[in-house]
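Here is what each chain is made of, one letter per residue.
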Amino acid sequence: MSEGVTTYLDHGATTPLRSEVADAMAEARSVPLGNPTGSHRPAQRARRLLEESRDEVAAALGREPGDIIFTSGGTESANLAVMGTLAAAASARAGGGAISVVSSAVEHPAVRESCRAAAHTLQVRWRELAVDHNGVVDVESLAAQFDDTTALVAVMLANNETGVVQPLGTVIAAVRALSATARVFTDAVQAATFMDLAASTADADLVALSAHKVGGPVGVGVLAVGASTDIVAQHVGGGQERERRSGTQDVVGAVGLATALRLTAAERHAASCRVAALRDRLAEGLLRSVPGTVRTVSREVATLPGHLHLCFDGIEREELLLALSERGICASGGSSCASGALEPSYVLAAMGVADTSARGALRFTLGHDTSDAEIGRALAIVPEVIAALRHEP
Ligand code: PLP
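Each value, and the rule that gives it
Residues numbered from 1 in each chain as written. Predicted model: local features only at pLDDT ≥ 70, side-chain atom pairs only at ≥ 80, totals over all residues. Heavy atoms only, no water. Pairing = 2+ DSSP bridges. Helix = DSSP H or I, 4+ residues; strand = E, 2+ residues; numbered from the N terminus. Axes fitted to C-alpha atoms, helices over the stretch in contact; angles between N-to-C directions. Left-handed = near helix turned anticlockwise from the far one by under 90°. Contact = heavy atoms within 4.5 Å. Nonpolar A, V, L, I, M, F, W, Y, C, P; charged D, E, K, R; others polar. Core = buried A, V, L, I, M, F, W, Y, C linked by side-chain atoms within 4.5 Å. Buried < 20%, exposed > 50% of the residue type's maximum accessible area, 1.4 Å probe, protein only. Phe/Tyr/Trp six-rings, centres within 6.5 Å; stacked < 30°, edge-to-face > 60°. Lys NZ or Arg CZ within 6 Å of the ring centre and 35° of its normal. Right-handed = clockwise from strand over helix to strand, strands pointing away. Near = heavy atom within 4 Å. Polar contact = N/O pair within 3.5 Å; in protein donor to acceptor, adjacent residues only side chain to side chain. Areas by Shrake-Rupley, 256 points an atom, 1.4 Å probe, with all protein chains shown as cover.

Enquirer: Could you clarify how one ought to interpret the sheet that holds strand 3 (residues 100-104) in this entry?
Expert: Sheet strands associate in pairs through backbone hydrogen bonding, adopting either a parallel or an antiparallel arrangement. Strand order in this open sheet of 7 strands is 2-8-7-6-5-3-4, and the pairing throughout is mixed. Whereas interior strands pair on both sides, the edge strands pair on one side only; in this sheet they are strand 2 (68-71) and strand 4 (125-129). In this sheet, adjacent strand axes meet at a mean angle of 20 degrees when their direction is disregarded. Sheet topology note: the strand 6 (residues 183-187)/strand 7 (residues 206-210) ladder contains 3 bridges and is parallel.

And the structure:
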């Protein structure tokens, strides 16, 4: 087997740009495009492409086009959702009333750090919602974290490290039962390839997406904000995106995101079944052939079809990732942002995974283009690499 071959099992970090998306973006670029706010022909063309893309993204999310705010990616969308909603709540409570935010203990750093920043800059009280040993939020404990100061609850649709799908509908029902004013934000960045967002995020007030996780370009994202939710812009300037996010829009990027979402929706069912079968084959093969391998999340828990999270006993994650990379296997330690860092994962810590197990934790994430041959290759190489790292004969 050629050592030059790459088996890419890190779709959770980023997905390859799909050729159909690249073609649609090239076509959009093939005619002069102006600034969509202008009035001449190239500007009109840009505006038409932007609004067509907005319509398509809105349809994929089951939202109104006016709900869609184009951003630079998932991180910006999460920042705008958290900071924007809390800033709006703070100004609505003039007179200095307290504000609080509740986020699940396993949110992506884009959400977590936004909560931390809000705690500092807006004097918002931040509480975390616990998860069980599988990483599923404990909805029962929401009431204990909630009070009449709670303006926002952030629970992701699916976790980036483990792929665990959260019971978002139950969370939203619980929030609605507790408050008429608190808003729910869901980070759907990881879930977008394999879950029907229109169905699964229908009742959320704010939803974040990122194009590069669904076969689209890096640097484009969306925050969908329902009409009854107020946010304060975090980028001010020319007032684009209905005063909610200033800055000239990336029209070609928006075309790429809309195309990627369209392709994803058309293939979702078949791709999910095929990818889940490949993921299960990888899981069963590794559990059988590598002693001391444990599933981080029980099989009974709903996870995204492309995610497999395993803990390998007696292995240091970074050493394993490097050794796998030398053999052409791309995986990751969990969060793409923390990859390369040696600190233990706060997600695994929140699940109560022992430090010794967490050290050897690895995330394999398959995508719509992952092949049978790639899984075969991973099944041949990963056990060899682990045996060598463990100095097994
Ligand atoms: N939220 C989740 C769940 C993610 O997995 C990521 C990226 O890994 C982000 C947010 C950030 O998205 P972006 O890379 O587009 O800034």
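Enquirer: Can you walk me through the packing of helix 3 (residues 74-92) against helix 4 (residues 109-121) in this structure?
Expert: In a pair of packed helices, the angle between the axes and the distance between the axes together describe the arrangement. Their axes nearest at 9 Å, the elements helix 3 and helix 4 cross at an angle of 30 degrees. Handedness of the crossing formed by helix 3 with helix 4: right-handed. Contact with helix 3, carried on its side by T75, A78, N79, V82, M83 and L86, involves A110, V111, S114, C115, A117, A118 and T121 of helix 4 and no other residues of that element. When the residues that make up the contact of helix 3 with helix 4 are grouped by side-chain class, the tally is 9 nonpolar, 4 polar and no charged.

Enquirer: Teacher, can you tell me more about the nonpolar core here?
Expert: The nonpolar side chains of a soluble globular protein tend to be buried, and buried together. Ranked by internal contacts, the top residues of the largest apolar core, which has 66 residues, are V57, L61 and L257. When residues of this core are traced back to their parent elements, those giving at least two are helix 1 (19-29), helix 2 (41-61), strand 2, helix 6 (168-178), strand 7, strand 8 (221-225), helix 9 (251-289) and helix 11 (346-350). Here this core takes 9 residues from helix 9, the largest share from any one element. Among all residues touching V57, those that are not within four sequence positions of it are I68, F70, V222, L257, A258 and L261. If you look at the next biggest cluster of nonpolar residues, it comprises 29 residues, including V290, L310, L366 and L379.

Enquirer: I'm lost on the packing of aromatic side chains in this one. Help?
Expert: How two aromatic rings sit relative to each other is set out by the distance from centre to centre and by the angle between their planes. Within the structure shown, the criterion is met by 0 aromatic pairs. We note R112 situated over the ring of Y346; from NZ or CZ to the ring centre the distance is 3.7 Å.

Enquirer: Can you walk me through the pairing of strand 6 in this structure?
Expert: The side chains of a regular strand alternate, residue by residue, between the two faces of the sheet. The buried count for strand 6 comes to 5 of 5 residues, which makes it a mostly enclosed element. Covered by surrounding structure in strand 6 are R183, F185 and D187 together with V184 and T186, the residues of both alternating faces. With 3 bridges joining them, strand 5 (residues 150-154) and strand 6 adopt parallel strand pairing. Residue A154 lies in a different strand from strand 6, and its bridge partner there is F185. Once you follow strand 5 into helix 6 and on to strand 6, the crossover reads as right-handed.

Enquirer: Is there a simple way to think about the site of the ligand in this case?
Expert: Among the 13 residues in the neighbourhood of the ligand, the closest are listed as T75, D187, Q190, S210 and K213. Between the ligand and G74 there is a distance of 2.8 Å, counted from an oxygen atom to a backbone nitrogen or oxygen. At 3.4 Å, a side-chain N or O of H108 approaches an oxygen atom of the ligand. Look at the ligand: alone it shows 390 Å² of surface, and the protein chains cover 90% of it. Partitioned by chemical class, the residues of the shell around the ligand number 2 nonpolar, 9 polar and 2 charged.

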